[in-house]
Structure formats: structure tokens, C-alpha cells
Amino acid sequence: MPLRTPAAGAYTVPTDAPEADGIHSWDTTSVVVVEIGAGDATGTGWTYAPAIAADVVRELLAPVVTGLDALDIPAVHEAMRGALGEAGPGGLTACALSALDIALWDLKARLLELPLPRLLGAAHDTVPVYGSGGFTTYHDTHLAAQLGGWVHGQRIPRVKIRIGECGGRAVLRDLARVRAARQVIGPRTELYVPAGGAYTRKQAVRVGHALAELEVGWFEAPVPREGPAGLGLVRDRAVCDITAGGHADDLAELACTAGLVDCLQADATRVGGLTAWLRAAALAQAHGLEISAYGAPHAHAAAAASVPNLRHIEWFHDHVRVESMFFVGVLDPTGGVVRPDGGLRHGLHLRAEEIEEYRVA
């Protein structure tokens, strides 16, 4: 069944408060939504990227995918990769490919009249989630309210807050915030921290020891991704599980990362869509690792349910908020799990008219 020419739109949504991690700060979230049709069905995909990613879809990917068979997603995926060769791999082009790939899987499930978990084949009925936010810009009461809402309100037994403030130059404040988080969530809730690559190698080792004393079990991106050897050094000396891979935009980087971590992360909206994310899960399994989905929980839920070595998906505050605004059919994480069985395709329906106010391209 031939694919029609895809359409792409770019949107910018203000955050509900100023946000920052160890390195970056922001007050908006940029989303590119892609729709592609075949027969009487239309699939929807998205990525969190600047508006120019929509131009990549329209100018570089659309001419290549139009007319290809909607059911042959691996062939379409390879055609897209070939079309992006001269533009260079990774970055915005990877985000554009990812959004279109997610839309293709949604479309295929729609054409075959199957829920996406059934199309992919389920390994789990439910998918564990962890609450993720705790931005370094939050004051203590804001942080406590967010953590308390997840843990005591929605009964999510694992949460994540950002550290690495001021590019790793505020370690005492980082640890004070971790102590404050532990007081709010109690001793039984799992506590995770990402540093955003803010620390040096030896600094990350020292911070890791302090985090272990505070019963932090997950130390994400402790050192810059540009120096992968440091990641292995920290893993070998830390008590916490060391994780990374969420910002990787190709499988080659994930292949390197998998040998240096205790759990591999991957983001389907960045690494190449669900096609590449499922391959990343297999890569992790080949290294004896679990995989955790990074961001965009509604893009990952169905694929995560099909992966036997899944650890969990990230219930990231920004993306949950945007996906709740943009789609009907969003999931409920109460109890610490979601059930991606909400009907045909990925179970979401775009609120096309309601989100027009956020369109920028």
C-alpha cells in the first residue's frame, strides 16, 4: 500500500516554570509532529526538536518515502537513512527520521487494525515508569510538591531529580537537594539522579560515593558523552547503577555506551524511531543489560511492552505535559506502571485544532 507525502508541523509550548539541569536552562519545549497516510489511515509521530526538523521531513524525507509500501517499515527506514547521507547523520536529521518512523509504526498498526503492542508482540502487560523532573531551578517547596505528587499521590515508587548544577561546580547544593528529596519520598522509594554530563571523571566518582550513602541507585550521565572512557571508569568505581545513552542519535554510539554502563538508555524520538529503539533493546540484551526509555513516554510505551529486557520508561514532566496537551488517550501512571493497550495503533489521537495556537511552522 503506497505511502502518501508526509506532513510536518512545528510547535513551541512554554514550560509551566523555569527549568534547568546541570548544563542547560530552558523555558519552552519544541515539538515536531509528523503525519503520514496510506489507504484510509493516517499515522502520527513526533520528536522534541527545533522547528527546522520539520523542514528536514518536508524537503529531504518526503520525496524519498512517498510511494513506498507502508507495511515495509525496514525498507522505508533504510531509504530515509540514505536520503540523509549528505546532510550528515545525527542531530536534527535523526530527530526528523525518528518522528517519521514512529508515525510509520502507528500507521501500520492502523492499517492492520491492531493495537501497536499486538503488532510488535507483547512481552509485558504493564510498563514500569519513574517520575522525572526535579529541575535545579525548583525551590524546595516546588521540588517537594512534585515528588510528593508522584510518590504519595500517584504511588510511583521511583523518581528522578536533576543534579550537576552550575556545570558541576555546586556539589554541596547537589547533595543537599538529594537529601531533601530523600526526606520527601521516604526510605522505600527508589531515587535517581542525572548529572547531564556535568562532572569530571574523578569528581563523578567522589559524588557517586556520596550518592550511595543517600541510597541513590541510579546515577545517569555522570560525565560528558564526548569522553566515553570516563563513563567506564565511574561505573567500575561506583555503587549506584551508572546509566547513559539517552542523547545518542545513532546505534553506533549506543554500541560504545553499552560496554560502559549498568543499564542502557535510548530515546526513540532521537535515535531513529521505534525501528532503531527496538534494535537498541536487542543491543542492550546482547551486553547482558536492561534498557530504559528516555523521555517521550507515550512514544515508547508500546515498544517498551514488547521488550523482555525492559527496566522502565521515563515519565518526564515536560513531555508528559506536552503529550497530555497534544493527544487524546494519554496513559495513567498511577501505581507506577502504565498499560499501553488503549485501542488501535499507539492509542493516541492528535488534538489538531486545539494545538494550533502553539504552531510556529
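For the structure, check the block above.
First, a word on what this report is: a plain description of the structure on this page. (Residues numbered from 1 in each chain as written. Predicted model: local features only at pLDDT ≥ 70, side-chain atom pairs only at ≥ 80, totals over all residues. Heavy atoms only, no water.)

A separate point is the sheet that holds strand β3 (residues 41–47). Taken in spatial order, the three strands make up an open sheet running β1-β2-β3, and their pairing is antiparallel. Sheet topology places β1 (7–20) and β3 at the edges, where each strand pairs with a single neighbour. Averaged over all pairs of adjacent strands, the angle between their axes in this sheet comes to 25°, without regard to strand direction. Here β1 pairs with strand β2 (residues 25–38) via ten bridges, running antiparallel. Looking across to β2, one finds that Glu 19 is bridged to Trp 26. (Pairing = 2+ DSSP bridges. Helix = DSSP H or I, 4+ residues; strand = E, 2+ residues; numbered from the N terminus. Axes fitted to C-alpha atoms, helices over the stretch in contact; angles between N-to-C directions.)

Both faces of strand β9 (residues 263–266) are covered, namely the face carrying Cys 263 and Gln 265 and the face carrying Leu 264 and Ala 266. In terms of strand pairing, strand β8 (residues 241–244) meets β9 through two bridges, oriented parallel. Within β9, the position partnered with Ala 244 by the bridge is Leu 264. Regarding the hand of the β-α-β motif, the stretch spanning β8, helix α10 (residues 251–258) and β9 is right-handed. (Buried < 20%, exposed > 50% of the residue type's maximum accessible area, 1.4 Å probe, protein only. Right-handed = clockwise from strand over helix to strand, strands pointing away.)

Enumeration over the complete set of coordinates arrives at ten aromatic pairs. Ring geometry for Trp 46 against Phe 327: centres 4.7 Å apart, planes inclined by 45°, an arrangement best described as tilted. Remark: Phe 327 occurs in strand β12 (residues 327–328) and Trp 46 occurs in strand β3; sequence separation between them is 281 residues. A single burial state applies to Trp 46 and to Phe 327, both of which are buried. By way of ring pairs, the aromatic residues Trp 26, Phe 135, Tyr 138 and Phe 316 are connected into one cluster. (Phe/Tyr/Trp six-rings, centres within 6.5 Å; stacked < 30°, edge-to-face > 60°.)

Despite not being glycine, Arg 155 has its phi angle at roughly 60°, a positive value. By the element assignment, Arg 155 lies in the loop between α5 (140–153) and β5 (158–161). A relative accessible area of 51% places Arg 155 in the exposed class. The phi dihedral of Cys 166 is positive, around 60°, even though this residue is not glycine.

The geometry of a pair of packed helices is captured by two quantities: the angle between their axes and the separation between those axes. Relative to each other, helix α2 (residues 73–83) and helix α3 (residues 91–111) sit at 165°, their axes nearing to 11 Å. As judged from the angle between their axes, α2 and α3 are roughly antiparallel. Here α2 and α3 pass one another in a crossing that is right-handed. Facing α2, whose interface residues are Ile 73, Val 76, His 77, Met 80 and Arg 81, α3 presents Leu 97, Leu 100, Asp 101, Leu 104, Trp 105 and Lys 108. Residues that form the contact of α2 with α3 fall into these classes: seven nonpolar, one polar and three charged. (Parallel < 35°, antiparallel > 145°, perpendicular 65-115°, else oblique. Left-handed = near helix turned anticlockwise from the far one by under 90°. Contact = heavy atoms within 4.5 Å. Nonpolar A, V, L, I, M, F, W, Y, C, P; charged D, E, K, R; others polar.)

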